Structure formats: structure tokens, C-alpha cells
Amino acid sequence: MRTFLARHWYAYAMALPVVVVVGVLVLLPLAQGLYFTFTDINEANIANPALERRASYEFVGLDNYVKVLTRGESYGAFWSTLARTLIWTSGCVLAHYCLGLGLALLLNRPMRFRGLYRVLLILPWAVPPFISVFAWRYLFNSQFGVVNQALDGLGLPTPVWLGQSDLALLSVMVINIWLGVPFMMVTLLGGLQSIPGELYEAAEMDGATAWQRFRDVTLPGLRSVSSTLVLLGVIWTFNLFHVIFLTTGQNPHTRILVTYAFERFFSGGTRDYAVASTYGALILSLLLVFVTIYRRATRRQGEVW
Amino acid sequence: MAEVAYVNASRVFPGTPPVRAVDNLELSVADGEFLVLVGPSGSGKSTALRMLAGLEDVDEGAITIGGKDVTNTPPKGRDIAMVFQSYALYPHMTVAENMGFALKLRGVPKAEIREKVAEAARMLDLTRYLDRKPKALSGGQRQRVAMGRAIVREPSVFLMDEPLSNLDAKLRVETRANIAALQQRLGTTTIYVTHDQVEAMTMGHRVAVLKDGILQQCASPRELYDRPANAFVASFIGSPAMNLKTVPLTPEGARLDGLVVPLSRSALDGAAAEGLSEVTFGIRPESLRLAAADEAGMTMTVELVEELGADAYVYGSVRIGEQSERFIVRVDGRTPPALGQQVEVTVRDADEVHLFHPGTGLRLTA
Amino acid sequence: MSVDAAALRSARGETRAAPTAARRGQRSRLASIGLHGALVTASAVAVFPILWVLVTSFKPDTRAVSPTPRLLDESTVDNYVDVLSGARGDFLAWFGNSVTIAGLSTLVGVFVSATTGYAVSRFRFPGRRGLMLTFLVTQMFPFAVLIVPLHNILLALGLLGQPLGLVLVYCTTTVPFCTLMLREHFDAVPTDIDEAGRVDGLSPFGVFWRLVLPLARPGLAVTAFYSFLTAWGEVAFASAFLSVADDSKTLSVGLQVFVQQNRAEWGHLAAASVLVALPAVVVFYLVQRFLVGGLTGGAVKG
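Residues numbered from 1 in each chain as written. Chains lettered and ligands numbered in written order. Predicted model: local features only at pLDDT ≥ 70, side-chain atom pairs only at ≥ 80, totals over all residues.

### Concerning the overall build of chain B
Then comes step 1: On a plain count of helices and strands, chain B comes out with 9 helices and 20 strands.
Then comes step 2: Oriented by its inertia axes, the alpha-carbon framework of chain B measures out at about 75 × 45 × 35 Å.
Then comes step 3: Counting the 366 residues in chain B, one finds 42% classified as buried.
Then comes step 4: In chain B, 66% of the contacts between residues at least 6 apart in sequence involve partners at least 24 apart. (Helix = DSSP H or I, 4+ residues; strand = E, 2+ residues; numbered from the N terminus. Buried ≥ 20, exposed ≤ 12 C-beta atoms within 10 Å, placed from the backbone. Contact = placed C-beta atoms within 7 Å.)

### Some points on the sheet that holds strand β2 (residues 19-29) of chain B
All names here are of chain B.
Then comes step 1: Sheet architecture is open: 4 strands sit in the order β2-β1-β4-β5, paired in antiparallel fashion. Of all strands in the sheet, those bounded by a partner on one side alone are β2 and β5 (68-69).
Then comes step 2: Here strand β4 (residues 60-65) pairs with β5 via 2 bridges, running antiparallel. Looking across to β5, one finds that I65 is bridged to K68.
Then comes step 3: The strands that helix α1 (residues 45-53) touches are β1 (4-13), β2 and β4; relative to β2, the one it contacts most, it runs at about 65 degrees. (Pairing = 2+ DSSP bridges. Axes fitted to C-alpha atoms, helices over the stretch in contact; angles between N-to-C directions.)

### What to know about the interface of chain C and chain B
Then comes step 1: On the chain B side, the residues contacting the 19 residues of chain C number 24 residues.
Then comes step 2: Ranked by residues supplied to the side of chain C that touches chain B, first place goes to helix α9 (residues 191-199) of chain C with 6 residues.
Then comes step 3: In the side of chain C that touches chain B, the residues fall into 12 nonpolar, 2 polar and 5 charged. (Nonpolar A, V, L, I, M, F, W, Y, C, P; charged D, E, K, R; others polar.)

### Re the domain arrangement of chain B
Then comes step 1: Looking at chain B, the domain boundaries give domain 1 (4-230) and domain 2 (243-356).
Then comes step 2: When each unit is reduced to the centre of its C-alpha atoms, the spacing between domain 1 of chain B and domain 2 of chain B is 39 Å. (Domains from an automatic or database assignment.)

### Brief notes about the interface of chain A and chain C
By a frequent convention, interface size equals the accessible area lost on bringing the separate parts together.
Then comes step 1: With 79 residues of chain A in contact, the opposing surface of chain C contributes 76 residues.
Then comes step 2: If one sorts the elements of the side of chain A that touches chain C by residue count, helix α1 (residues 2-36) of chain A sits on top with 18 residues.
Then comes step 3: The residue makeup of the side of chain A that touches chain C, split by class, is 59 nonpolar, 17 polar and 3 charged.

### Some points on the sheet that holds strand β18 (residues 323-332) of chain B
Residues and elements named next belong to chain B.
Then comes step 1: Reading across from one edge, β15-β19-β16-β17-β18 is the order of the 5 strands in this open sheet, with antiparallel pairing throughout. If you trace the sheet from one side to the other, it starts and ends with β15 (288-290) and β18, each paired once. Strand-to-strand twist in this sheet, taken as the mean axis angle between neighbours without regard to direction, amounts to 45 degrees.
Then comes step 2: In the sheet, β15 pairs with strand β19 (residues 342-347) via 3 bridges, with the strands oriented antiparallel. Opposite L290, over in β19, you have V345 as the bridge partner.

### Brief notes about the confidence of the model for chain C
Residues and elements named next belong to chain C.
Then comes step 1: This prediction gives chain C a mean pLDDT of 78; 80% of its residues lie at or above 70.
Then comes step 2: Considering each helix and strand of chain C separately, the mean pLDDT is smallest for helix α1 (residues 3-12), with a value of 40, and largest for α9, with 91.
Then comes step 3: pLDDT under 50 marks residues 1-23. Its contacts with residues more than four places away, or in other chains, come to 61 contacts.
Then comes step 4: Per-residue pLDDT stays below 50 along residues 297-302; that stretch engages in 23 contacts with residues further than four places along the chain or on separate chains.
Then comes step 5: The complex model carries a pTM of 0.82, and its ipTM stands at 0.83. (pLDDT = per-residue confidence, 0-100.)

### Digging into helix α3 (residues 110-124) of chain B
Residues and elements named next belong to chain B.
Then comes step 1: Its 15 residues place the ends of α3 21 Å apart at the C-alpha level, agreeing with the 21 Å of an ideal helix rising 1.5 Å per residue.
Then comes step 2: Restricting attention to buried positions, one finds in α3 the residues I113, V117, A120, A121 and L124. Projection of α3 onto a plane perpendicular to its axis shows the buried side chains occupying an angular sector of 105 degrees, all on one side. Seen from the buried face of α3, the exposed residues on the opposite side, beyond 90 degrees, are A111, E112, E115 and R122.
Then comes step 3: Of the surrounding secondary structure, the elements contacted by the buried residues of α3 are α2 (95-105) and α4 (139-152). (Expected span 1.5 Å × (residues − 1). Arc of directions from axis to C-beta.)

Quick look at the structure:
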């Protein structure tokens, strides 16, 4: 034991601050949150020191899970919300990756104004998201919005983008894609620049066409960075609530699992913490399943995590 | 200044089975000596050096520097300086900062640091580059900065881990001589790791040959060349390598094709005592020569001739028993045989023959 | 070729001759037009919404939204004057709070991520993989749903309503990603450098502080940028954990005044937004040359 400590104490000392902070501020709340899923806790029965009220919520077993999974609309229509979440996540991540890769490939060529393009293209990342969302809400405004005025000018129909229809989902996806592409682009550009130029030269000598070079040199070269990016992208997008929440609020057409958790959490006087936490736990388990499968599928490419 | 000793030191990497990277190394280096650790890759030579530096644990045994047990001392307490194969210069510091860094950490006054750095820079012809970052230097200059970083500290031991392997051939030969001369001048105990036996032979006062973590032989270059302790050392030291073949023994000596090389009584008795009917027969290329017309020899078919100017090396095959064996012979550079020609080869002097046990590889002749 | 220069080049993310530059001749005129056309379009899409906020910020509220928008329409700086003079709340106090909180979050977050990243990069200690996996799992739970338990814990620690409490919360959200990123940067620094440092007389922490950290500067810049932005724009935790007193709000919380009222004051909101975005953009400008390559570091050695 003494040699064990002697050998590793430095590593532990350096990791300790994070372990303590994450333990106290993440794992502890997480455990408590998971416990809440088995209770009927809400704003009315939570302990409130200001009112000197003691907690009076009760253990209800799997009641919350049963309700969420079977009760339909009054509990957020879990299954159709899940389907929408999957569309949202896959659509956003796919577009992030493809657009990010496309722009990275363009930016990776020597040309004039390269630095300028790069700065402009990364800019959306630098602006706090609630400001961007606010700008986009204006752009999508059905009366004054630039989008509709442009469509009108072209003689095209001018729909209500952020209204009670699936167009709203499309709109928030567009906004989120706009927000997320710079991060993907920058990361993939870094990945591209780390592929040795000799590989391209060798491929060219072997007579590979541009497409073959892309498929057989670029894509494999980006594999490790891509697998991390997609993994994180899926997790983040799945749990991304502020874009939707700030754009369309509680519109059921843009409801995904995490925004519904927030609706339950914040809405009205009841503040149903139990159901919100139950949604959180379900999201966590879905993502755990996804990550397990994903890691198995990408294992042969070397472990990142 | 200090002497260094490995006392049955071992480094065992955990695993199944555990790997004994350095196995029971028993080696002492005298004060002021230039010792070269040489061996093929994976022989444990770098690990042995890193154990001495304190960068690698000593799992068994001990290491002493200047008589002091440093087995569990961290690197900074050992008063050593090390030159790395990659040089490991600090990329964010200038040459002067790189060289003075260790002194700065020790709290040496700035003026003194500047003076010592300037002196070392003069010695290494680096004065003009003191304000540059390593990135802006050539390979040779970087190598000298790495040397300078070690010199400035005036340590009791220099450790060098293949410091020349990133240089081109010409610069390597030049730097080789410079390092040897510098060591001579400073008189600091130096342990030098290389895989290049030419470096080992030309630089070391003594050379320690390692293989699979085990010390094969530690001796002066001359001794190593003339009296290798086993077949591995014999094959490893010398370029081109010694001809080493398993040949049958006759009462008169060793039979190589039509040639019977007479062996000393003691060698024959030694072989007989071991009950050997065959021996590993070793002879250096320069100890073979082309036979005169009336001399007995082994018939060799010439397959390749390497002309080096003064000398030429002839590579060819000789039938030994059922097999065709390749031999290398040094001949006069002006009259080499032609390709495909059959030549008769004989031994220059029977005393230059090395005999090894075919099973253990140990030297048979005294 | 020596390790230090190569590593430095990759760590700096310096643009080496791009792979596609393997093409020797000039690209055809058509390809050139296509390339620049695509990039100009993409840049326009990227910049337009931001540009619009900037333009709007100079318009009176009534003109900000009009059926026939014009680029410059009765432009004044009135909105800025209003916002800065505190007509809608103590903007300068909010700004100060945000700077303190985002700045502290960045410092603390980057520092602890760096030490952890270094431990994970350089030491093979038991629990190392578990730590990284825990980090991944922490990213999976909608963390903001945990406001109630977090509230309780902060209360128990006496940090509720304190900027420090919020700083710690922000750190927990940024540290996992920052640790991963920095670890990759540290992996790109050759271990020879560490060893040279130890032989030169540094303690393990000295190696980290004086050699590895300076060499991972691009990674530090990027993680700092990321941490700063996360803390700077965050609303949910900030409104939950800071006291309700107006002068203890952060900018993003304070700005909600402009949105929550029935008539959105577009002009004022835009002006305030510009003021909020400005520091973020400044930070962005400072680190942008590190961004490419800084994110991937040595992760993709090929």
C-alpha cells in the first residue's frame, strides 16, 4: 500500500481538485436527482427553509416511469417526443458534420483571404447563443423576417416558420446547425492539417482520383477525431435545450426530451421536479445505451475515452 | 567527478510474463571513464541508462554514484546531466535559457549563469546562436545545445542516450570525435548508449555489450574485438561482421570445405571435454585471404564485391557439409576477384580463429 | 529531424502546407470562382444574423422591426446610452459580475482541467480510465434538471448566492471537455521534455508548470475560450443560484428584462447584446489563431 501511494500520489494529487468538485457538484446531485425519480417531489412539497417548511414528498416507486412511458400527452408524449428527439439529434449532428467537413476541406486549400474566411466562419461560435437565437428569431419572423421578405420577393409562399407546425422544428434545427458548424469545422480543420501531406502525394502517385484520395486518405485520417466529435455531438445535441427553449419556448412541435424536462421543471406553480428528473434519468439511460453501442462499433479504431 | 556502479540492478516491466528489461546488471564505471553501453534494439541499454538517471525504477539491486546509494533518489538529487536522443530541448526557451535552466533552478546567481553559459557556448561554437529558439537551429546545432546544457551544469556524471543518431553520417563522425575530445578535457565520468558498434569502439574507454537485458561482456574495445566472450559479442562487434559458422571438428582442427584449420591443443581439448563434434567457428573477414595456387583452401563462389578503395570485401558462398554458407573475405582493393569467379580462400593465421560452444555460444579458446 | 520542433509545430497548429496543396499548378479559374463563391456564401450566412443585431442596435425600438427593413434607419446611439446609463437596470454592475464570474470560471476551470489532464496524460494510475468515463457520463445527464439538488448542496456549503458557487458549477460543466482536450495537447508534448526537466532538477509539478503548460499554450487558449463562453452566456444556473438583487445579476440574466416584457424592445436588446457579445468576440479574436489545431492538438497523430 505504501509503495502504491508512493508511486501514484502525484497523479492523485493533481486529479484531486476535479474529483472533489465533480464528486460534490455532479455525482452527488446526480444521485439525488435519480432518487427524486422515485418520489413525487415538486415545488409544493419540497423543503423550503425560507418558509420553514419541511420536505413532505413521498417514495412512489416506479410510478413516475410508468406514467411517463404510458400516459401520453399529459406526461409529454414520451414516445413521439423521443422520435422527434432522434430526428433533431441525427439531423443536427449529420448536418454539423457534413457542413463542417465541407467547409474545412474548402478552408484547407491555400488561397487568398483564407484567414478572413476562417474568422468569419468561426464567428457564430463566439457570440453568446442567446444573442444569436434572438437574431434568428427575428430572421424567421413571419411578418418582418428577412427570410420571408426574401421569399416574398421571389414570389414564393411565406410560411409561419416558428408557429404550431413541423416547420418550427425545421427552423430550430437550422438555427442549431448554424450555431454548431463552426466548432465542427475548426476541429475537423485541425484534423485535416494533421494528415501528413506525403500520404496525398503517395496516393497521387498510385493514381488515385480526387474522390479516391478523399475516401481513402482524408476520411481514414479523420477517423479518430471524427469518432470523438460525433460521440460528443450526439450527447450534446440530445441534451441541448437552450436553442429550442429560447426560440420557440414550449411549442409542442419543437419539444424534445430535454426541453420537456425543463417545461416540467419551470412551468407553472407546480414545478414537477420528479417528472423532470425522470426524464433526465431516461435521457441518461438512452445515451448510455447509445454510447455502449457506439464504443463497441468504433473500438477497433482505438479508444478515445 | 564520481564512479558509478550497478549492483545486481534489474528493471522488470510488469506483464504476463514480466519482462526483465535489465537483468541483474553488475557493472562499475571508474571515475572519469567513458563507458559505452551498446547492444541491438531491445537490449535494455537505454533502460539501464535511464535507471541511472532515475527516470526508470530499479526493481531489484541498487545503483551508486560516487559511492552513494541513489537507488531511490529522484533525478534531481543525483547530480547527473543527460543528453537525449531527441535532444529534448525546451522549445519555448532560447539556447541560452535552455543551457542555463538547471542552474537557474538551483538558484545560481544570474551573472554566474550567464558566464557559464557563455563559456560552454564558446567551447561548442554556439555563441552566435544563444538568443535563438531551438526551432531555428540545424540538427547539428541542436545537438550541440543539448551537449551544452549538460556541460554547463558540471555534473558528476554525463549520461548520453544515442546523442548522434539524428545526425547525418558526416556530422556524426565529426561530432563523435568532438564528444570524445570534450570528455577527455572535462574528465567527467560518462555513460554513453548507442546501437552503433563503430561509435562504441571509437569512443569508449570500455564498452559494455548488452543483449536481452543481460550484460554479455564489458571490456576495452581492443579486448572486445580480439577476444569476444561469446558468439553474440563476436557477431555484434566489427564491421563487416565476423564469419561465424558451425563446422565439424576433426582431430587436426576444424574442417571448412577443403580447408582444415589447425586448432591449438587447448582448444581441441576444451572441445573434447565438452564432448563436441562441432564448434561455432569464427573468423574476421580480414583474417581470411585468397590462397596461393599451391595452397589448400575452401572454394568460394563470388557473389558480391564491395570495393572500398584501399580494400574490397568479397561476399561468396562455400559449401560446408550439406549447406552453402556465406563468407566475407577482405582482399586487396586493387585486385578483387570478379563476380561468379571461384576462388580459394584460406586463413591468414590460425591464431586469429575464435571458437565458441555451438550450444551456449561461450568462447572455447582461452 | 528533431522531436521538439515537430512537436512544437503540431502543438502550435501552424498551418503547414495543406495536404491538398499537393496540387502544383494553379487551380482552374472556374474552380477558383466556385471555391470563393462557396466560402463567400458560407461566410455571409455565418455573419448575417450577427450583423443584423449590430445594425438593429443603432435603431430606435419602433424602427427596429419594420415590414420594410432598411440597413440604416434613423441610426442613433441612444440605445447604447440607455443601456449603459442603467435606465433598464444596472448594466455596468451586471457586466462587472459577468466578468468576475466568467473570468474566475475560466481560471479555475482551465487550471483544474490542466492538472487533471496532465495526470491522465502522464501517469498510469489506477482509476484513470474510470475518471475519463465518469467525465463522459456527466455530459449525458441534462445537468440543469439538477438545479434542485445543486441548490441544496450549494446551500449546505454556504455558497448559494455567492459568485464562487456559480463559478464551481460552471467549472463542473466545462471541466470534462477541457480535460479531454488538454490531455490531448499534453500527449503531444514529448515525454523526453519532461525527463529532461526532471534531470535538470524540476519536481513533477515543476515539469508541469514550467515546461508542459507553456508548450500546450494553444490548448490552454482554446479551453479558456470555451470555458469563458460557456460561463459568459449561461442563463439557467445564473438565474437560479445568484441572489435576486439587481446588482448581483450577470449580464445574460439581466438582459432578460428586455425580452420578458410583452413588447420586445428590439433596439435596446440589440444594443445590450452587442455589448455582451463584444468581450466574447475580443476573447475570440485573441485566441482565434490557436483555434485551428488547438482543438485537436496531438489527438489525431494519424
